[in-house]
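Descriptive analysis of the structure
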Amino acid sequence: MNKQMKRNLIILAMTVSFISFATLALAHHGTGISYDQSKTIPIKGTVTEFRFANPHPQLFWDSKDDKGNVQHWSGEIASNPSSLVRVGWGRKRAEEALKPGTTINIMISPAKAGGFVALVRTITDENGKAILCANPGCTQ
Amino acid sequence: MRNRLIILFLIVVGGLAISTVIAAQRGAAPGGVQRGAAPRGGGQRQTLNPIFEQATNKPFQPHDFAGVWSRNSEGFGGGGTCFDCGDRGFSDDWPSFTPEGQKRFDANKPSYGRALGSADANAHPEEHIGRRRAVPPANDTDPASHCNPEGLTRALIYPDPIEFIELPDRILQHFQWRYYIRTIWLDGRPPLKDPDQLRWWGYSTGHWEGDTLVVESDGVDPRTWVDHFGNPHSDEMHVQERYKRVNYNTIELSMTLTDPKTYTKPWVSQTKRFHLIPKENVKTVDGWKGLIEDFCAPADEVDQFNQRVRDPAGGVIHK
C-alpha cells in the first residue's frame, strides 16, 4: 500500500467515525441545543481526566493557544457507557486509551455559550487511531 | 486504485450523511409529522439490527412475554429507535390542553426537540410547539435531569431494553435505562383509582382480554412527565396500556391517557413496537449477559456531568 492509499484510508476512517459521532450526538438529550454542531474544530490536547459514567462520558484536557497559554477544556462525549460497551469500548480499555498525560487530537463542536466547553466529536491518538468510536467499523 | 478509493469514500460519506439526517429527523429531533402514518423510528436501518431475534414465524404463546425486549435501533445503548418501533414521543398528535394543563405545559422546559426559536424550529410550523421548544439542558426543568424517576409512560417510551419477568401473580418490567423495576399485578385485585399516596410508578393491575394484556394504572405522581417533550399530567391521570405479542419477535403497545384536569379528551399514543433480543446479546465486554446497570446516580450525573460539563455548556457556571 503506497502513501497516497494510506492517506486516503485514514481520511475515510476519520470521516466515517466523525459522522458516526455526529449521528449519536443528534440522538441524545439537548446535545443539539447546547453545542454549535455546524462547527467542527480540530484541537490538540493532553488528557487531564476521563470519566466513564452516565449519562455521557466526560473528557477533560489541556490545550495551548497560539501564544502558549494553557486552556482547560471540558468535553461531553455523545455516546453513553452502554453504547460504548456494545461496540467493545469497556471502562478499562477507554480509561487506558485516555489516561492522564495522553496526547490526543480531537474534533470538537464548541458550546454556544462560549468558554472552553465542547461536544467531543472524534478522538484519535498520535498515530491517527480512533478512540471511543461507537461505529463497529472502528472498534479495533 | 486511487479513483476507486475516492468513489468508495464518496459512497460511504454519502450514505452515512443521509442516514444521519434520517436519524435526526426521526429520533432526537423529531419532526416530519405525518399524522396517521405508520409508526416511525429513529434508527438508521430499515431492517432489524442483527442483535435482535430475526425470526417472526417461530411458534410462540401469545401470553408469554418473558424475555428482553427493546425499541432501540442498535438493541441497547441510548440513541434512536428502531425503524418500525415508533419515535420517542407519546404521540405527534396532541389533544387540546385544559387551562390548567396549558399552564403546566408552558412551565415545563424540555431539552429535547428542535431548539426554541431556531431557524430549524421555525421551518416546521406544521409540528406542535411541544416538539420545537427545546432549551439547553442547563436551563431545562426536566425532573429526570436530576435523577428523579422518569415516570410510567416516559420510561416505556425510552428506547432501551425492558425485561419482562413473569411471576404467577404479577409481571415485572425491568428497565435497563435507570435500572427501574415496575410491578403489574395480575392477582385479580381491582385498580386503585384514588390511592392514599401517589407513587412515581402509580398502581398498576393487568388482565387478559383474549391475547391482549390490558394494564390499568392510576395514582402516578404528577411531577413526572408524559414524555421527554415536557407534556404534563395531573394526579387524576389514568393510563391504559394494551400489549399484544403479534409474532415471535414483536410486541405492540398502545396507550390511552385520560386526564380531564390536563387534556380535553383522551390521548391515544402512537403504536410502540418492541422486538425480542436474546439475553445473550445484551452483555458487557466481559461477556456478562443480561441487562446492563444503567443507573442514574446523582454522584455521577448531578455532581459531575451536570456541574462540570452540561451546565457550563449552557452558560451556567457553578462556583
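One structure accompanies this document, and this report is about it.

**Looking at the overall build of chain B**
Counting its regular elements, chain B contains five helices and 10 strands. Among the 319 residues that make up chain B, the fraction classed as buried is 55%. Contacts in chain B between residues at least 24 apart in sequence constitute 63% of all its contacts with a sequence separation of at least 6. Carbon and sulfur atoms provide 53% of the accessible area of chain B, an area that totals close to 13,800 Å².

**Points about the sheet that holds strand E1 (residues 41-51) of chain A**
Residue and element names in this part refer to chain A. Sheet architecture is closed into a barrel: five strands sit in the order E1-E2-E3-E5-E4, paired in mixed fashion. The mean angle between the axes of side-by-side strands here comes to 55°, regardless of whether they run parallel or antiparallel. Note that strand E3 (residues 70-77) and strand E5 (residues 117-124) share four bridges and pair parallel. What sits directly across from Glu76, in E5, is Leu119.

**Some thoughts on the pattern of salt bridges**
Enumeration over the complete set of coordinates arrives at 23 salt bridges over all chains. We note a salt bridge from Arg308 of chain B to Glu49 of chain A, for which the minimum N-O separation is 2.8 Å. Residue Arg308 of chain B is found in helix H5 (residues 298-313), and its partner Glu49 of chain A is found in strand E1; the two belong to separate chains. Arg170 of chain B is the salt-bridge partner of Asp169 of chain B, the closest N and O atoms lying 3.0 Å from each other. You can call Asp169 of chain B partly exposed: its relative accessible area is 23%. Given the relative accessible area of 26%, Arg170 of chain B is considered partly exposed. Ionic contacts of the salt-bridge type, sharing partners, join the residues Asp87, Arg131 and Lys272 of chain B into one network.

**Here we look at H5 of chain B**
Compared with an ideal rise of 1.5 Å per residue, which puts 16 residues at 22 Å, H5 of chain B spans 19 Å between its outermost C-alpha atoms and falls more than 12% short. For H5 of chain B, the complete set of buried residues consists of Glu301, Val302, Gln304, Phe305, Asn306, Val309, Arg310, Asp311, Pro312 and Ala313 of chain B. The secondary structure elements touched by the buried residues of H5 of chain B are helix H2 (31-34), E1, strand E2 (58-64), E3 and E5 of chain A. Directly beyond the C-terminal end of H5 of chain B, a positive phi value near 85° is found at Gly315 of chain B.

**Considering the environment of Trp185 of chain B**
Residues and elements named next belong to chain B. With respect to the helices and strands, Trp185 occurs in strand E4 (residues 181-185). Of the residues examined, Trp185 reaches a relative accessible area of 23% and is grouped as partly exposed. Spatially, the C-alpha atom of Trp185 lies 6.6 Å from that of Ile171, the residues being 14 residues apart in sequence. Ignoring sequence-local partners within four residues, the contact set of Trp185 consists of Asp169, Arg170, Ser204, Thr205 and Gly206.

Rules behind the numbers
Residues numbered from 1 in each chain as written. Chains lettered and ligands numbered in written order. Predicted model: local features only at pLDDT ≥ 70, side-chain atom pairs only at ≥ 80, totals over all residues. Heavy atoms only, no water. Helix = DSSP H or I, 4+ residues; strand = E, 2+ residues; numbered from the N terminus. Buried < 20%, exposed > 50% of the residue type's maximum accessible area, 1.4 Å probe, protein only. Contact = heavy atoms within 4.5 Å. Areas by Shrake-Rupley, 256 points an atom, 1.4 Å probe, with all protein chains shown as cover. Pairing = 2+ DSSP bridges. Axes fitted to C-alpha atoms, helices over the stretch in contact; angles between N-to-C directions. Salt bridge = Lys/Arg side-chain N within 4 Å of Asp/Glu carboxyl O. Expected span 1.5 Å × (residues − 1).

Distances and angles like these do not, on their own, reveal function.
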